[in-house]
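# An overview of the molecular structure
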Amino acid sequence: MTYHELNMPLRTIMTPGPVEVDPRVLRAMATPIVGQFDPSFTSAMNDVMGMLRKVFQTENQWAFPVDGTSRSGIEALLCSIIEPGDKVLVPIFGRFGHLLTEICERYGAQVHTITCPWGEVFSQADVIDSIKNINPKIVAIVHGETSTGCMQPLDKIGKACRELDALLVVDAVATIGGAEVKVDEWYIDGLIGGTQKCLSIPSGMAPITYNSRIEAILNKRKKVESGIATEEDRLQEASNTNSFIKSNYLDVSMLQDYWGPRRLNHHTEATSMVYALHEGLRIVLEEGLEARFARHKEHEKALITGIKAMGLELYGDPTCKLPTVTCINVPNGIDPESVREMLLYHFGIEIAKSFGPLEGKIWRIGSMGYSCRKENILAVLSALEAVLIRHGAPIQVGKSLQAALDIYQAESIVTS
């Protein structure tokens with residue numbers, strides 16, 4: 001049997017992730033491979049850590065990627081600080097709050113949850129009241145919930161966690177690089193990002209950062225694997241009073257030694273993904289954080305203006321809308337999957353469905369990173385209108401593109 005070379009189609013990807021990868025990142029991934037301890041590579045690793053600190057807006061010593069998809073970073077940070085019986089509070093307002101709950105339960109935590117309707121977020125006061133009542137060791141919460149297109153305010157929650165001696169761990173996978181995330185100012189103790197969303201890098205790494213409060217827990221649970229442990233490592237392990245971290249691959253204390261000056265071998269680094277992350281972060285900082293956040297907001301405005309002009313309804317509370325994901329109610333009588341299939345087949349445009357109680361009820365359009373461009377916004381609006389006409393949906397024909405163009409012309413939004 002003969003196998004043919006890969007020849008993937010070019011797509012306009014307007015989902016909440018993965019998104020289109022910046023061509024400069026793709027070029028960087030073709031950089032020659034060197035050894036993981038080659039000085040040129042460890043220098044690049046140090047650059048990545050420095051750039052991550054700037055993107056995370058933190059002075060934390062530790063900011064580095066976990067090899068694996070975003071979920072690997074979430075699990076790494078949680079499994080490294082959770083010991084059996086620890087109380088964890090998880091406020092759930094969409095699919096990924098349930099994921100945080102499941103991960104914490106798998107590592108033996110006593111998980112307490114609070115919920116609010118999908119399409120809404122919590123009052124920070126309500127979360128703070130729950131922290132006071134439950135007295136958890138950890139509060140684990142999603143910042144940008146892509147399943148509902150909502151973004152949870154965190155500034156008051158973080159300050160309360162610090163005052164009440166709880167650790168705040170935040171899933172910022174959908175917001176880092178596309179919306180404001182202030183690790184230090186918001187008193188966030190540990191935070192997880194993702195490469196495949198607003199950073200416009202392929203999926204495969206989960207950048208994390210954490211402060212000295214979490215590092216102190218890691219040091220008490222540290223266990224260096226026997227084949228590389230020194231006598232000093234063994235003495236430290238013997239003096240630890242806390243249980244050791246149960247995962248080897250996701251042990252953040254060992255990853256810390258790998259990314260830190262010790263360069264203690266842990267795994268073989270995903271060299272080309274480090275190149276990709278290096279270039280992706282460089283591009284973010286070249287654009288500037290404030291300019292990048294403003295670009296996402298401006299293109300979001302054009303998108304939602306066009307959607308409304310078409311006669312479609314947005315899903316969710318507009319006061320807590322996630323600027324990088326726009327959710328649309330499927331019109332009555334319209335087959336949502338037929339619309340998505342026609343968009344992909346005839347226009348090469350992919351939008352997303354949703355999960356759980358929203359399955360079949362909404363579409364989700366991502367405008368993230370490199371996918372967040374004027375030509376993409378106009379393309380998805382025009383294609384969606386054409387497909388809905390073919391499906392007999394009761395929409396306002398010819399209004400959507402003109403409304404979006406009015407926004408672009410009035411605000412002189414750049415095309416990048």
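Note that the structure is predicted; figures quoted are calculated from it, not measured.

### Regarding the overall build of the protein
Summing up its helical and strand segments, the protein has 14 helices and 13 strands in all. In terms of overall size, the protein behaves like a compact globule, its C-alpha atoms giving a radius of gyration of 22 Å where 416 residues would be expected to give roughly 22 Å. Taken along its principal axes, the extent of the C-alpha atoms in the protein is 75 × 55 × 50 Å. Looking at the protein as a whole, 56% of its 416 residues qualify as buried. Summarising the internal contacts of the protein: among those between residues at least 6 apart in sequence, 72% fall at separations of at least 24. If you sum the accessible surface of the protein, you get close to 17500 Å²; carbon and sulfur atoms cover 52% of it. The centroid of the 40 positive side-chain charges in the protein is displaced by 1 Å from the centroid of its 50 negative side-chain charges.

### Quick look at the packing of aromatic side chains
Considering all chains together, one arrives at 7 aromatic pairs under this definition. When the centroid spacing of 6.0 Å and the interplanar angle of 80° are considered together, the rings of F37 and Y258 count as edge-to-face. Here the residue F37 occupies a position in the loop between α1 (23-28) and α2 (39-56), and Y258 occupies one in helix α9 (residues 252-259), the gap between them amounting to 221 residues. Judged by its relative accessible area of 37%, F37 is partly exposed. The interplanar angle of 75° and the centroid separation of 6.1 Å between the aromatic rings of F41 and Y275 together place this pair among those described as edge-to-face.

### Let's talk about the pattern of salt bridges
Under the defined criterion, the tally for this structure stands at 25 salt bridges. Across the pair D257 and R262 runs a salt bridge whose closest N-O atoms are separated by 3.3 Å. The shortest N-O distance in the salt bridge between R282 and E279 comes to 2.8 Å. A residue pair is termed a helical-turn pair when its members lie 3 or 4 positions apart in one helix, as R282 and E279 do in helix α10 (residues 271-287) at 3 residues. If you follow the salt bridges from partner to partner, you end up with D22, R24, E279, R282 and E286 in one network.

### Let's talk about α10
Helix length check: α10 (17 residues) gives 25 Å between terminal C-alpha atoms against 24 Å at 1.5 Å per residue, within 8%. Every buried residue of α10 is accounted for by T271, M273, V274, Y275, A276, L277, E279, G280, L281, I283 and V284. Where the residues of α10 are buried, they touch α1, α2, β2 (62-67), β10 (205-210), α9 and α11 (289-309). Looking one or two residues beyond α10, the residue adopting positive phi is G288, at roughly 95°.

### Comments concerning the nonpolar core
If you look at the biggest cluster of nonpolar residues, it comprises 89 residues, and the most contacted ones within it are F64, L78 and Y210. Core analysis: the next-biggest nonpolar cluster, separate from the first, contains 28 residues, M14, L343, I365 and L381 among them.

### Details of the sheet that holds strand β3 (residues 87-92)
Read from one edge to the other, the open sheet built from 7 strands follows the order β2-β10-β9-β8-β5-β3-β4, with strand pairing classed as mixed. At either end of the open sheet lies a strand with only one pairing partner, and these are β2 and β4 (110-115). With strand direction ignored, the average angle separating the axes of adjacent strands in the sheet is 20°. Relative to strand β8 (residues 167-171), strand β5 (residues 138-142) runs parallel, the two being bridged by 5 bridges. Considered in β8, the bridge of V139 is made with L168. Relative to the sheet, helix α4 (residues 95-106) contacts β3, β4, β5 and β8, its axis offset from that of β3 by approximately 165°. Across the sheet, α9 is in contact with β2 and β10; its angle to β2 comes to roughly 110°.

### Some details on unusual backbone geometry
Across the junction of G17 and P18, the peptide omega takes the value 0°, indicating a cis bond. Tracing the backbone shows P18 in the loop between β1 (12-13) and α1. Notably, S200 is not glycine yet its phi reads approximately 55°, a positive angle. Relative to the assigned elements, S200 resides in the loop between β9 (190-192) and β10. Under the relative-accessibility criterion, S200 is labelled buried at 2%.

### A word on the packing of helix α5 (residues 124-134) against helix α6 (residues 155-163)
Any two packed helices are characterised by how steeply their axes cross, that is the angle between the axes, and by the distance between the axes. In contact at an axis separation of 9 Å, α5 and α6 are set at 20° when each is read in the N-to-C sense. If you check the angle between α5 and α6, you find them roughly parallel. Classified by chirality, the crossing of α6 by α5 is right-handed. From α5, Q124, V127, I128 and I131 reach across to α6, where they touch D155, K156, I157, A160 and C161. For the contact of α5 with α6, the residue count by class is 6 nonpolar, 1 polar and 2 charged.

### A closer look at the pairing of β4
Bridging between β3 and β4 involves 6 bridges; their strand directions are parallel. Of the residues in β4, the one forming a bridge with V88 is V111. In terms of handedness, the path from β3 via α4 over to β4 forms a crossover that is right-handed.

Each value, and the rule that gives it
- Residue positions are given per chain, counting from 1 as you read along its sequence in written order.
- The predicted origin of the model limits local features to residues at a pLDDT of at least 70 and limits the giving and counting of side-chain atom pairs to 80 or more, whereas totals for whole chains, interfaces and linings rest on all residues.
- Side-chain metrics rest on all non-hydrogen atoms present in the structure, leaving aside hydrogens and water.
- Each helix is a run of H or I in the DSSP string that is no shorter than four residues. Each strand is a run of E no shorter than two, and both are numbered from the N terminus.
- A radius of gyration in this sense is built from C-alpha atoms; the matching globule rule multiplies 2.2 Å by the number of residues raised to 0.38.
- For every residue, the accessible area (1.4 Å probe, protein chains only) is compared with the maximum for its type, and the residue is labelled buried under 20%, exposed over 50%, or partly exposed between those bounds.
- In what follows, a contact means two residues having at least one pair of non-hydrogen atoms within 4.5 Å.
- Here, Shrake-Rupley sampling with a 1.4 Å probe gives the accessible areas, and only protein chains in the shown set may cover a residue.
- Positive charge is attributed to Lys and Arg, negative charge to Asp and Glu, and no charge count is given to His or to the chain ends.
- Just so you know, the charge point we use is NZ for Lys, CZ for Arg, CG for Asp and CD for Glu.
- We call Phe, Tyr and Trp rings a pair once their centres come within 6.5 Å, taking the six-membered ring for Trp, and we label the pair stacked below 30 degrees between planes, edge-to-face above 60, and tilted otherwise.
- Between Lys or Arg on one side and Asp or Glu on the other, a salt bridge is scored when a side-chain nitrogen of the former is within 4 Å of a carboxyl oxygen of the latter.
- Under the convention used throughout, the expected extent of a helix is 1.5 Å for every residue step, that is, one less than its residue count.
- Residues grouped as a nonpolar core are buried Ala, Val, Leu, Ile, Met, Phe, Trp, Tyr and Cys residues, joined through side-chain atoms within 4.5 Å.
- For two strands to be treated as a pair, DSSP must find no fewer than two bridges joining them.
- Note on definitions: angles span 0 to 180 degrees between N-to-C directions of axes, and those axes are lines fitted to C-alpha atoms, for helices only across the stretch in contact.
- Throughout, the term roughly parallel applies to angles under 35 degrees, roughly antiparallel to angles over 145, roughly perpendicular to angles from 65 to 115, and oblique to all others.
- When the near helix sits turned anticlockwise from the far one by under a right angle, the crossing is termed left-handed; a clockwise turn instead gives a right-handed crossing.
- In this classification, the charged set is Asp, Glu, Lys and Arg, the nonpolar set is Ala, Val, Leu, Ile, Met, Phe, Trp, Tyr, Cys and Pro, and all remaining amino acids, among them Gly, are polar.
- Viewed with both strands pointing away, a crossover whose connecting path from the first strand over the helix to the second turns clockwise is right-handed.

So, to be careful, I would describe these as geometric facts and stop short of saying anything about function.
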